[in-house]
Amino acid sequence: MERQTAGERQTPGRYGRYEARDPMVVRSVRALSGAVAAGTVVLACVAVGAAFVGTREGFPGPGSTTVAAHVVAAVVAVAAQWWTDRRFGAQALLGSLVVFVSLGTLVWTQWWG
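Remember, it's a predicted structure, so these values are computed and weren't measured experimentally. (Residues numbered from 1 in each chain as written. Predicted model: local features only at pLDDT ≥ 70, side-chain atom pairs only at ≥ 80, totals over all residues. Heavy atoms only, no water.)

Points about helix α2 (residues 64-84)
The α-helix winds at 3.6 residues per turn, so residues separated by three or four positions along the chain end up facing the same way.
Then, in step 1: For α2, which comprises 21 residues, the first-to-last C-alpha distance of 30 Å matches the rise-based estimate of 30 Å (1.5 Å per residue) to within 8%.
Then, in step 2: The complete set of buried residues in α2 reads Val67, His70, Ala73, Ala74, Ala77, Ala80, Gln81 and Thr84.
Then, in step 3: Packing partners of the buried residues in α2 comprise α1 (24-57) and α3 (90-111). (Helix = DSSP H or I, 4+ residues; strand = E, 2+ residues; numbered from the N terminus. Expected span 1.5 Å × (residues − 1). Buried < 20%, exposed > 50% of the residue type's maximum accessible area, 1.4 Å probe, protein only. Contact = heavy atoms within 4.5 Å.)

Spelled out as structure tokens, the structure:
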């Protein structure tokens, strides 16, 4: 069995050899995008809940466009994060960028628009 250095995984990679871990920057961005994706899901739940309570209690809540935008942004963010968690290096950074752009677009169009 090969000896592992400090930066290598404990399990064999795709090709049967040990792969080096991503640099700290990539792992940090991946973790931050995971938190952003979770926050996007929470925002979608709040929008859906506000729409439900609004129609039930008879006060105007967010419209159907706003609710749909939140749900779509949450689905895109979770799918991109799922993809990001299974990639390394530049691909992981690209997936994280999709998560950030998804939330940025949602906030820009629905909260500041």
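Picking up after the structure, the text goes on.
Here's the deal with the nonpolar core
Then, in step 1: Of all hydrophobic cores here, the largest spans 5 residues; its members are Val36, Ala37, Ala77, Ala80 and Val99.
Then, in step 2: Elements with a minimum of two residues in this core: α1 and α2.
Then, in step 3: If we ignore the near neighbours within four places in the chain, the residues touching Ala77 are Ala37, Thr40, Val99 and Ser102. (Core = buried A, V, L, I, M, F, W, Y, C linked by side-chain atoms within 4.5 Å.)

Thoughts on the pattern of salt bridges
Then, in step 1: Within this structure, the stated rule accounts for 1 salt bridge.
Then, in step 2: The partner of Arg30 in a salt bridge is Asp22, and the shortest N-O contact between them spans 2.7 Å.
Then, in step 3: Residue classification places Arg30 among the buried positions, given a relative accessible area of 16%. (Salt bridge = Lys/Arg side-chain N within 4 Å of Asp/Glu carboxyl O.)

Remarks on the packing of α2 against α3
Axis angle and axis distance: for two packed helices, these are the angle between their axes and the distance between the axes, and together they describe the pair.
Then, in step 1: Taken N-terminus to C-terminus, the directions of α2 and α3 make an angle of 170°; their axes are 8 Å apart at the nearest point. On the basis of their axis angle, the class for α2 and α3 is roughly antiparallel. Residues Thr66, Ala69, His70, Ala73, Val76, Ala77, Ala80, Gln81, Trp83 and Thr84 of α2 pack against Gln91, Ala92, Gly95, Ser96, Val98, Val99, Ser102, Leu106, Gln110 and Trp111 of α3.
Then, in step 2: In terms of residue class, the contact of α2 with α3 is built from 11 nonpolar, 9 polar and no charged. (Axes fitted to C-alpha atoms, helices over the stretch in contact; angles between N-to-C directions. Parallel < 35°, antiparallel > 145°, perpendicular 65-115°, else oblique. Nonpolar A, V, L, I, M, F, W, Y, C, P; charged D, E, K, R; others polar.)

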